[in-house]
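Here is how the chains run, residue by residue.
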Amino acid sequence: MRTAFLFPGQGEEVARVVSDWYGQSEKVRDLVDISASLLGRTAIELLAKGGRRLSRTEVYQPVVTAVGLGICRELRSKGIRPFLTAGHSMGELAALSASGCISSEDAIRLAAKRGHLMLDAATENAGGMIALVEASQESVKEAIALGLRFGQVQLAACNAPTEWVLTGDQSALQIVASKYRAVNLRVAGAWHGSHMRGTVEEFRRILKDTKYMGFENGFICNRTGEQVNDSIQIPDLLAEQLIHPIQWARTLDTITRAGVANLITIGSGKVLRALARKNLGNQVRVHSTQAPDDFLRVVEVYSQWSEKKPATSEWVPT
């Protein structure tokens, strides 16, 4: 039974997820403590006052990466292993670690560095993001052309055939939003576009200084939406991701073409579940681990399946 682990990006409410898992899982707690120490805080300080600190980019990225990898450890302890892993935007670091290519500690460290670099770039070059919904590819091209008449506007993500994200100058994006069906995204900067150009080389350097190991399962990268089989490609792919669109619709297509029929969203996964339905309909089953109780239901389902038929976990590079 082929399963993919999907790790969320930034933008979801996570304070409750972090708090619940931190209180009930030693595996999660150990990794969250590592992320907190990198931030010069304790986990208790991060979760104080309703976890409002977690909404900050430089805090959110390492902490959510830690929670996701802790949940991944819990799944593996129950015999649930991925055939493929993928992560949306910042979730790519957790997915890379879950593939066996880098350690959990390195993934958390890289997430902390990434968060700080992105925050610095957003401070120097303010911008925002909007989502275009129920939009055709042609209308997206027209929307970008309109925005470019008033400032910098680029495609930031192709999340589904009719759902796209644009990034750039706020003034130009708001003109686009006034003409098209759009939603303003609550983010601190203009991610995945030229506003982040100043982060690329430094993050590439940090990535090149990281230790890479062999893949234990398939890993799909955001830059191409395809599997990566050689870790030597990782620094360039993850650094360039900061200024290029997330190919999430293509990622989900790659997953189904590999014969995966079960997706497990790791941690807060409302957005990823919705995108799976938009892209794949009923082709796959989507399981949640947002709360420890959700995790227990996933374990029960997989236990029942394993009693009927051995799980398929082998992976061969394509």
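Data block above holds the structure.
These lines cover the structure that appears in this document, whether it is placed above or below. Quick caveat: nothing in here was measured; it's all calculated off a predicted structure.

Rules of the game
- Residues numbered from 1 in each chain as written.
- Predicted model: local features only at pLDDT ≥ 70, side-chain atom pairs only at ≥ 80, totals over all residues.
- Heavy atoms only, no water.
- Pairing = 2+ DSSP bridges.
- Helix = DSSP H or I, 4+ residues; strand = E, 2+ residues; numbered from the N terminus.
- Contact = heavy atoms within 4.5 Å.
- Axes fitted to C-alpha atoms, helices over the stretch in contact; angles between N-to-C directions.
- 1 Å grid on protein atoms, 1.4 Å probe; cavity = no way out; pocket = protein on both sides within 12 Å on 5 of 7 lines; lining within 4 Å.
- Points joined across faces, edges and corners; volume = space filled by probe spheres on them.
- Nonpolar A, V, L, I, M, F, W, Y, C, P; charged D, E, K, R; others polar.

Now for the sheet that holds strand E4 (residues 153–160). Across the sheet, five strands lie side by side as E6-E3-E5-E4-E8; this open sheet has mixed pairing. If you trace the sheet from one side to the other, it starts and ends with strand E6 (182–184) and strand E8 (246–247), each paired once. Two strands pair when backbone bridges link them, and E4 and strand E5 (residues 163–168) are joined in this way by six bridges, in the antiparallel orientation. Looking at the pairing, Ala 157 lines up with Val 165 of E5. Where helix H7 (residues 137–148) meets the sheet, its contacts fall on strand E3 (128–133), E4 and E5, and the angle it forms with E4 comes to roughly 160 degrees.

Bringing empty space enclosed by the protein into the picture now. Inspection of every chain in the model, using the stated rule, returns two cavities of 30 Å³ or more. Taken as a whole, the largest cavity encloses approximately 100 Å³ of empty space. For the lining of the largest cavity, a count of residues per class yields 10 nonpolar, five polar and no charged. Reported here for the second largest cavity is a volume of approximately 40 Å³. In this structure, the second largest cavity is lined by Ser 89, Met 90, Glu 92, Leu 93, Arg 114, Phe 203, Leu 238 and Gln 241. Across the lining of the second largest cavity, the residue classes tally to four nonpolar, two polar and two charged.

Right, let's get into the sheet that holds strand E2 (residues 84–87). The five strands are arranged E7-E2-E1-E9-E10 in an open sheet whose pairing can be described as parallel. Either end of the sheet is taken by a strand with one partner, and the two such strands are strand E7 (218–220) and strand E10 (285–288). Taken pair by pair, the neighbouring strands of this sheet meet at an average axis angle of 25 degrees, ignoring direction. Of the pairings in the sheet, the one linking E2 to E7 comprises three bridges and is parallel in character. By the bridge assignment, Thr 85 is partnered in E7 with Phe 219. The sheet contacts of helix H5 (residues 91–98) involve strand E1 (3–7), E2 and E7, and relative to E2 the element is tilted by about 160 degrees.

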